[in-house]
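# Coordinate inspection notes
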Amino acid sequence: MHGTGGVGGPAAAVPGRAALEVSPLPGRSGIRARGEISALTRPSWEQALSELAGRHAGVSYVELSDVAFVDVAGVSALAVTAMSLPDGRVVVENPPPQLPRVLEMFWPGLDRIEVAL
């Protein structure tokens, strides 16, 4: 994956443009994202989630402590990915404050996503 980043590749920072870097989590099944998740970076985010779902085995982790912003469509992509998993759950670690609020607003009771603050 190139351009706005992706699993296995750093983001190409372009002044005035959003950047997203997604990489595998060392030592456990999951991904770490850095930057922001918005209309400009959504293709990379959705690709990373698709790859995560393809490797999912019970519990997958999504570490977001270095994500400054995630828009509603980015949260939606995460929720849809979690709902499509055959079993288990996705643990979202250290998300930006809007992510749990959007999940509660649009997907109350979605037990496939656990938010760990």
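Structure: above.
Below or above, wherever it landed, is the structure these notes cover. Since the model is a prediction, treat every value here as computed from it, not as a measurement. (Residues numbered from 1 in each chain as written. Predicted model: local features only at pLDDT ≥ 70, side-chain atom pairs only at ≥ 80, totals over all residues. Heavy atoms only, no water.)

### Side note on helix 3 (residues 98-106)
Basically, it comes down to this: To sort residues, take the accessible area from a 1.4 Å probe on protein chains only and compare it with the maximum for the residue type: under 20% means buried, over 50% means exposed, and anything in between is partly exposed. Put simply, DSSP H or I for four residues or longer makes a helix, DSSP E for two residues or longer makes a strand, and each gets a number counted from the N terminus. The arc in question is traced by the directions running from the helix axis to the C-beta atoms. By definition, residues are in contact when any of their heavy atoms lie within 4.5 Å.
All of the buried residues along helix 3 are Gln98, Leu99, Val102 and Leu103. Seen from one end, helix 3 has its buried residues packed into an arc of 135°, which puts them on one side. The exposed residues of helix 3 that point more than 90 degrees off its buried face are Arg101, Glu104 and Met105. Here the buried face of helix 3 lies against strand 3 (59-70), helix 2 (72-84), strand 4 (89-93) and strand 5 (113-116).

### Brief notes about the nonpolar core
The following threshold applies: Throughout, nonpolar core names a set of buried Ala, Val, Leu, Ile, Met, Phe, Trp, Tyr and Cys residues whose side chains join them through atoms within 4.5 Å.
Trp45, Val62 and Leu78 are the most contacted members of the largest nonpolar core, which has 27 residues in total. For this core, the elements supplying multiple residues, two or more each, are strand 1 (20-24), strand 2 (30-37), helix 1 (42-55), strand 3, helix 2, strand 4 and helix 3. Element by element, the count of residues in this core is highest for helix 2, at 5 residues. Ignoring anything within four residues of it in the chain, the contact list for Trp45 reads Leu20, Ile31, Ala33, Ile37, Val62, Leu64, Gly74, Ala77 and Leu78.

### Concerning the packing of helix 2 against helix 3
Put simply, the test is: Axis definition: a line fitted to C-alpha atoms, over the contacting stretch in the case of helices. Angles run 0 to 180 degrees between N-to-C directions. Each angle is binned into one of four classes, with values under 35 degrees roughly parallel, values over 145 roughly antiparallel, values of 65 to 115 roughly perpendicular, and all other values oblique. Left-handed describes a crossing in which the near helix is turned anticlockwise from the far one by less than a right angle; the clockwise case is right-handed. Residues are grouped as follows: Ala, Val, Leu, Ile, Met, Phe, Trp, Tyr, Cys and Pro are nonpolar; Asp, Glu, Lys and Arg are charged; all remaining types, including Gly, are polar.
For the pair helix 2 and helix 3, the least separation of the axes is 10 Å and the interaxial angle reads 65°. Of the possible angle classes, the one that applies to helix 2 and helix 3 is roughly perpendicular. Of the two possible hands of crossing, helix 2 and helix 3 adopt the one that is right-handed. When helix 2 is examined against helix 3, the residues Val72, Val75, Leu78 and Ala79 are found in contact with a partner set consisting of Leu99, Val102, Leu103 and Phe106. Taken together, the residues that form the contact of helix 2 with helix 3 break down as 8 nonpolar, no polar and no charged.

### So, the pattern of salt bridges
This is how it is decided: Definition used for salt bridges: Asp or Glu carboxyl oxygen within 4 Å of a side-chain nitrogen of Lys or Arg.
Applying the stated criterion to the full structure yields 6 salt bridges. Two residues, Arg34 and Glu21, come together in a salt bridge whose shortest N-O distance is 3.8 Å. Taken as a pair, Arg34 in strand 2 and Glu21 in strand 1 lie far apart in primary sequence, 13 residues in all. Classification of Arg34 as partly exposed rests on a relative accessible area of 31%. Using a relative accessible area of 24% as the deciding quantity, one classes Glu21 as partly exposed. Two residues, Arg42 and Asp71, come together in a salt bridge whose shortest N-O distance is 2.4 Å. Residue Arg42 is located in helix 1, and its partner Asp71 is located in the loop between strand 3 and helix 2; the two are separated by 29 residues in the primary sequence. Residue classification places Arg42 among the buried residues on the basis of a relative accessible area of 17%.

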